[in-house]
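# An overview of the molecular structure
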Amino acid sequence: MHVELLSYTPDPLRLLYTAARTCYSAGRPAELWAETASAAAMQRLIEHIVASGHHSILEHAYFNFALGGISRSCSHQLVRHRLASYSQQSQRYVEGPFDYVTPPSWEGAGEAWGRRYHRVMGELNDLYREALAAGIPAEDARFVLPNACSTQLVMSMNLRQLVHTVGLRTCTRAQWEIRRLFEQVAAVVRQAEPFLGAFLVTKCERLGYCDERESCGRYPLRADVLDQEERK
Ligand SMILES: Cc1cc2nc3c(=O)[nH]c(=O)nc-3n(C[C@H](O)[C@H](O)[C@H](O)COP(=O)(O)OP(=O)(O)OC[C@H]3O[C@@H](n4cnc5c(N)ncnc54)[C@H](O)[C@@H]3O)c2cc1C
């Protein structure tokens, strides 16, 4: 799996700061943009605004990623997040042989399971290539390709949607591959913009409790937190 941050909104801190100040200022946005403020002052305002639930400010900053080496099973989960843009490698226009992702559990289950897995992938690849050679169009030959098939995409998300998606998908309840994907997405944003990247945390870290049915132990369940509050 690889995740690269291709580009992102230039000067995102100043942009979010300008957007936030525009809400509370008589000045024109372009004037506010031209004013200088220290990084600390901009961060303080953005932190305050986000803490008060005024999350639309975050929608102004966009991040564009190159994602590769994830399975179609993972990309299927990914594109459920609707407030983002995706361009995915086509199986109609790009013909195999296909690469595939091997979940650690298949190899962890013992050598025989790992061998069977790779054998079936090889057989599917052979069938796929033979179908193409027999004149079956790629758009139909691909019907034999598995969920494991690896894919690549360009994904663009604004910061608000990134906060939401990283929050959901880095939870231990999320499937391992998409969890790993969004851990890496968060890591590349943190590397590029440490202050904004700090908003990209698992949802329990933001909430201060776990809103799942069972907690992994990192945070107590919401019901337990409410109980404690009531007992005070
Ligand atoms: C652990 C886990 C398990 C899952 N299991 C399943 C499963 O078994 N089956 C399954 O089908 N899905 C499953 N999902 C997918 C899940 O139901 C959501 O479709 C997915 O996480 C997208 O998130 P979202 O609904 O927050 O929407 P996003 O598309 O990420 O949108 C972000 C937010 O925008 C708002 N929004 C977006 N679109 C609309 C709209 N049309 N109307 C109103 N508000 C909108 C909502 O507030 C939403 O939270 C699972 C997700 C997770 C994290």
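Everything numeric in this text was worked out from a predicted model, so none of it was measured.

## Some thoughts on the overall build of the protein
Along the protein, the regular secondary structure elements total 12 helices and 4 strands. The C-alpha atoms of the protein give 22 Å as radius of gyration, which overshoots the globular expectation for 232 residues (17 Å, by more than 25%). Seen through its principal axes, the protein has C-alpha atoms that stretch 70 × 50 × 25 Å. Buried positions account for 23% of the 232 residues belonging to the protein. Long-range contacts, defined as pairs at least 24 residues apart, comprise 71% of the intrachain contacts of the protein with a sequence gap of at least 6.

## A word on the site of the ligand
In the vicinity of the ligand, the contacting residues are Arg80, His81, Arg82, Leu83, His164, Thr165, Leu168, Arg169, Arg173 and Ala174. Classifying every residue of the shell around the ligand by side-chain character gives 3 nonpolar, 3 polar and 4 charged.

## Overview of the pairing of strand β2 (residues 62–71)
Pairing geometry for strand β1 (residues 2–8) and β2, over 6 bridges, is antiparallel. When the sheet's bridge partners are listed, Val3 is paired in β2 with Leu67.

## Digging into unusual backbone geometry
The residue Asp11 is not glycine, and still its phi comes out positive at about 50°. Mapped onto the elements, Asp11 comes out in the loop between β1 and α1 (12–24).

## Examining the domain arrangement of the protein
Interfaces are often described in size by the accessible area the parts lose on coming together. By the assigned domains, the protein splits into domain 1 (2–70 + 75–84 + 150–201), domain 2 (92–144) and domain 3 (202–232). Taking only C-alpha atoms, the centre of domain 1 and the centre of domain 2 are 36 Å apart.

Conventions and cut-offs
In every chain, residue numbers begin from 1 and rise along the written sequence. Only residues with pLDDT of at least 70 are given local features in this predicted model, and only at 80 or more are side-chain atom pairs given and counted; all residues enter the totals for whole chains, interfaces and linings. A run of H or I in DSSP becomes a helix once it reaches four residues, and a run of E becomes a strand once it reaches two; helices and strands are each numbered from the N terminus. Computation of the radius of gyration draws on C-alpha atoms alone. For the globule rule, the value is 2.2 Å times the number of residues to the power 0.38. Each residue is classed by its C-beta neighbour count within 10 Å, where at least 20 other C-beta atoms makes it buried, 12 or fewer makes it exposed, and intermediate counts make it partly exposed; the C-beta atoms are placed from backbone geometry. The contact rule is simple: place each C-beta atom from the backbone, and if two of them lie within 7 Å, those residues are in contact. Note on definitions: a residue is near a molecule or strand provided its C-beta atom, placed from the backbone, lies within 6 Å of it. Basically, the charged four are Asp, Glu, Lys and Arg, the nonpolar ten are Ala, Val, Leu, Ile, Met, Phe, Trp, Tyr, Cys and Pro, and anything else, Gly included, counts as polar. Strand pairing follows a simple DSSP-based rule, namely that at least 2 bridges must link the two strands. Start and end points for every domain follow an automatic or database-based domain assignment.

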